[in-house]
Amino acid sequence: MANHYKQISSLIYDFTKPPGTSIDGDLEFYKSQLLPIQGKVLEAGVGNGRLFIPLLKYKVDIVGIDKSQEMINICQKNLEKENLTGNLICQDLEEYREFEAYDYIIVPNATFNLLETRIKATKVLKNFYDSLKPQGTIIIDLILPIEFKAGSNHQYSHYIDDQTIVVKNLSKEINWIEQYSINQIDYYINEQLQESQEFKLSWYGCEEFCNILANIGFNDGVFIINYGNKRNLNVKTITFIFKKV
Ligand SMILES: C[S@@+](CC[C@H](N)C(=O)[O-])C[C@H]1O[C@@H](n2cnc3c(N)ncnc32)[C@H](O)[C@@H]1O
């Protein structure tokens, strides 16, 4: 199973999280990490430009990569609306490596959890390592399935471009041994099923992920819970900040 943002799922992502939207304070967190910097940044899994566009406005020298052409097209349109030009690459992270090109690689909003297997995840981390300059930094957000309840259904409606799109999201399966969950998401227009997809989210224990990073060669790391927001008592997001040293 390959996780892929197609036409309607990309449209809904953009509608619900347009550029500039902060999720749990992540935009403020990334600004605090990246500003002011001189270096070159790669956003892995750039999506619709939710963070990429505000960071570009703050003059961050940033490149965005995404394997979904549908998302890249939306990001491009969002750039044009703002009269901005951005450097976007449509490619799978598994295949992308540019030797010592970046000072920072950021992977916000659970993109890393979307890598379907641990083999793929390791390959992507090795690519990140090679693509970072010496002393370069990775910042990766990982989420934990704290709200997942197998069998639960959620339904939402969105009115976009004169159409009502109904989204039915089924929490299908959770595998505590292999550490993944699967959601089935169906998109309907006029009661007709238009698009359907399964999303597999793989998750990692904190110590486990620190060890994975150390085995690749990353070092000098810290992790931050919920972007430093102590009012949220549940551990939802863990951000790993490690260096290539
Ligand atoms: C949850 S969205 C996050 C978008 C954006 N970073 C944000 O914070 O709003 C995840 C994005 O990662 C992309 N993605 C997932 N797996 C990928 C892979 N293997 N290679 C490149 N992009 C990937 C998806 O297409 C999607 O646009």
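Residues numbered from 1 in each chain as written. Predicted model: local features only at pLDDT ≥ 70, side-chain atom pairs only at ≥ 80, totals over all residues. Heavy atoms only, no water.

**Some words on unusual backbone geometry**
Note that the residue after L35, namely P36, is joined by a cis bond; omega there is -15 degrees. Here P36 is to be found in the loop between α2 (26-34) and β1 (40-44). Positive phi outside glycine occurs at D161, with the angle close to 50 degrees. With respect to the secondary-structure elements, D161 resides in the loop between β6 (153-160) and β7 (163-175). (Helix = DSSP H or I, 4+ residues; strand = E, 2+ residues; numbered from the N terminus.)

**Section: the pairing of strand β5 (residues 132-143)**
Along a regular strand, successive side chains alternate from one face of the sheet to the other. With 5 bridges connecting them, strand β4 (residues 102-107) and β5 associate as parallel partners. Of the residues in β5, the one forming a bridge with Y104 is T137. Read as a crossover between parallel neighbours, the route from β4 over helix α5 (residues 118-131) to β5 is right-handed. One ladder, built from 7 bridges, connects β5 with strand β11 (residues 237-244); its direction is antiparallel. Residue pairing for β11: D141 is matched across the bridge by T239. (Pairing = 2+ DSSP bridges. Right-handed = clockwise from strand over helix to strand, strands pointing away.)

**As for the packing of aromatic side chains**
Applying the stated rule across the entire model yields 11 aromatic pairs. Both rings, one in Y5 and one in F199, keep their centres 4.9 Å apart while their planes meet at 45 degrees; by these two values the pair is tilted. Of this pair, Y5 sits in the segment before α1 (7-16) while F199 sits in strand β9 (residues 192-202), and the two are 194 residues apart along the sequence. Residue classification places Y5 among the partly exposed residues on the basis of a relative accessible area of 23%. Through a chain of ring-to-ring contacts, the aromatic side chains of F112, Y204, F209, F223 and F240 assemble into a single cluster. (Phe/Tyr/Trp six-rings, centres within 6.5 Å; stacked < 30°, edge-to-face > 60°. Buried < 20%, exposed > 50% of the residue type's maximum accessible area, 1.4 Å probe, protein only.)

**As for the sheet that holds strand β10 (residues 218-225)**
Strand order in the open sheet formed by 7 strands is β3-β2-β1-β4-β5-β11-β10, and the pairing between neighbours is mixed. Each end of this open sheet is capped by a strand with a single partner; those strands are β3 (87-90) and β10. Sheet twist, expressed as the average angle between the axes of neighbouring strands with direction ignored, equals 15 degrees. By the bridge criterion, 5 bridges tie β1 to strand β2 (residues 61-66) in an arrangement that is parallel. (Axes fitted to C-alpha atoms, helices over the stretch in contact; angles between N-to-C directions.)

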